[in-house]
2 protein chains.
Amino acid sequence: MSTRTPESEPLLTPAEVASMFRVDPKTVTRWAKAGKLTSIRTLGGHRRYREAEVRALLEGVPQQRTPEGGAPGA
Amino acid sequence: MSTRTPESEPLLTPAEVASMFRVDPKTVTRWAKAGKLTSIRTLGGHRRYREAEVRALLEGVPQQRTPEGGAPGA
DNA sequence: CAGCACTCGGGTAATTAGGGGT
DNA sequence: AATGTCCTAATTACCCGAGTGC
C-alpha cells in the first residue's frame with residue numbers, strides 16, 4: 001500500500017466541526033465567511049477546516065485563559 | 001545524484017490527493033474529468049496527478065499572493 | 001502465476017453552498 | 001450582531017462489479 005502522506009494537514013468537514021461545537025453546519029460556514037475560521041475550499045466549492053485550528057478554538061487558546069477549575073501544574 | 005530517477009515530476013495517486021483534500025478518491029476523479037485537475041493516465045487507464053498542481057490548489061493560489069515570509073527576491 | 005490493495009465506471013443518497021426570513 | 005430554519009441547486013459520499021498495479 002502506498003500510504004504516503006505528502007505533507008498534508010488533517011482537515012475536517014463542516015459537519016464534523018459543527019458536531020464538535022454543537023452548532024449547525026450553517027453556523028460554521030458563517031464563521032468561515034466572517035474570517036473567524038480558516039477555510040480551505042475544495043475544487044467544488046465545499047469548505048474544509050483545519051483540525052488544529054478547530055481544536056485550538058475548542059480548547060480556548062486564543063491568548064491566555066485563566067484555568068480556574070483545576071490547576072494543571074501543582 | 002546517485003539516484004537514477006528519470007526526469008519526471010512527482011505524481012500522486014487518487015488516494016493521496018483525496019487524503020490531502022479530505023474528500024473521496026472518486027471526487028478527485030470527478031475533478032479530473034471536469035478538467036479542474038491535470039490527470040495523467042497510465043497505460044492501464046488509472047489516473048495520476050501532479051503533486052505541484054495539487055499543492056498549488058490546496059494553497060489556494062489561483063493568482064498570486066504576497067508571501068511575506070520568504071521573498072523570492074527579484 | 002497468484003493475490004491483494006487500489007482504481008475505474010455508473011448510479012443513488014447525503015451533505016454543502018447560497019439567499020431569504022424569524 | 002448572531003443562530004437556526006426554509007428552499008433550490010450543486011457537489012460529494014457510498015453501493016456494485018471488473019480491471020489495473022505491484
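Here the structure is a predicted model, which is why all the values come from computation and not from measurement.

Peer 1: How would you summarise the side chain of Thr42 of chain A if you had to cite specific residues and measurements?
Peer 2: With respect to the helices and strands, the residue Thr42 of chain A is situated in the loop between strand S2 (39-41) and strand S3 (47-50). Judged by its relative accessible area of 10%, Thr42 of chain A falls in the buried class.

Peer 1: So what's going on with the sheet that holds S2 of chain A? Residues and values would help.
Peer 2: All names here are of chain A. Strand order in the open sheet formed by three strands is S1-S3-S2, with antiparallel pairing between adjacent strands. Looking at the sheet topology across the chains shown, the edges are occupied by strand S1 (11-12) and S2. With two bridges connecting them, S1 and S3 associate as antiparallel partners. Residue pairing for S3: Leu12 is matched across the bridge by Tyr49.

Peer 1: Now, about the packing of aromatic side chains: what can you tell me, with residues and values included?
Peer 2: Residue and element names in this part refer to chain A. Under the defined criterion, the tally for this structure stands at two aromatic pairs over all chains. Where Phe21 meets Trp31, the ring centres are 5.1 Å apart and the plane angle is 80 degrees; that geometry is what we call edge-to-face. Placement of the pair is Phe21 in helix H1 (residues 14-21) and Trp31 in helix H2 (residues 25-33), with a sequence separation of ten residues. On the basis of relative accessible area, Phe21 is assigned to the partly exposed category, the value being 23%.

Peer 1: Would you mind going over H2 of chain A in detail, with residue names and values included?
Peer 2: Residue and element names in this part refer to chain A. Every buried residue of H2 is accounted for by Val28, Thr29 and Ala32. Along the long axis of H2, the arc covered by the buried residues comes to 105 degrees, so they all point the same way. Seen from the open side of H2, the exposed residues pointing more than 90 degrees away from its buried face are Lys26, Arg30 and Lys33. After H2 finishes, the residue Gly35 shows a positive phi value of roughly 85 degrees.

Peer 1: Break down the packing of H1 of chain A against helix H3 (residues 51-59) of chain A for me, citing the residues and quoting the values.
Peer 2: All names here are of chain A. In the contact formed by H1 and H3, the axes pass within 11 Å of each other and the chain directions differ by 10 degrees. When the axes of H1 and H3 are compared, the pair comes out roughly parallel. Packed against H1, whose contacting residues are Val17, Met20 and Phe21, the element H3 presents Val54, Leu57 and Leu58 at the interface. For the contact of H1 with H3, the residue count by class is six nonpolar, no polar and no charged.

Peer 1: Go over the protein's contact with DNA strand D, please, and point to the residues and values.
Peer 2: Taken together, 20 residues lie around DNA strand D, and Thr27 and Arg30 of chain A together with Asp24, Thr27 and Thr42 of chain B are the ones closest in. A breakdown of the atoms of DNA strand D within 4 Å of the protein gives sugar and phosphate a share of 79%. Take Arg30 of chain A: an N or O atom from its side chain is 2.7 Å from a base oxygen of DNA strand D. The separation between a phosphate oxygen of DNA strand D and a polar side-chain atom of Thr27 of chain B is 2.3 Å. Listing elements by their share of the surface near DNA strand D, those giving two or more residues are H2 of chain A together with helix H2 (25-33) of chain B. Its residues assigned to classes, the surface near DNA strand D shows four nonpolar, eight polar and eight charged.

Conventions we followed
Residues numbered from 1 in each chain as written. Chains lettered and ligands numbered in written order. Predicted model: local features only at pLDDT ≥ 70, side-chain atom pairs only at ≥ 80, totals over all residues. Heavy atoms only, no water. Helix = DSSP H or I, 4+ residues; strand = E, 2+ residues; numbered from the N terminus. Buried < 20%, exposed > 50% of the residue type's maximum accessible area, 1.4 Å probe, protein only. Pairing = 2+ DSSP bridges. Phe/Tyr/Trp six-rings, centres within 6.5 Å; stacked < 30°, edge-to-face > 60°. Arc of directions from axis to C-beta. Axes fitted to C-alpha atoms, helices over the stretch in contact; angles between N-to-C directions. Parallel < 35°, antiparallel > 145°, perpendicular 65-115°, else oblique. Contact = heavy atoms within 4.5 Å. Nonpolar A, V, L, I, M, F, W, Y, C, P; charged D, E, K, R; others polar. Near = heavy atom within 4 Å. Polar contact = N/O pair within 3.5 Å; in protein donor to acceptor, adjacent residues only side chain to side chain.

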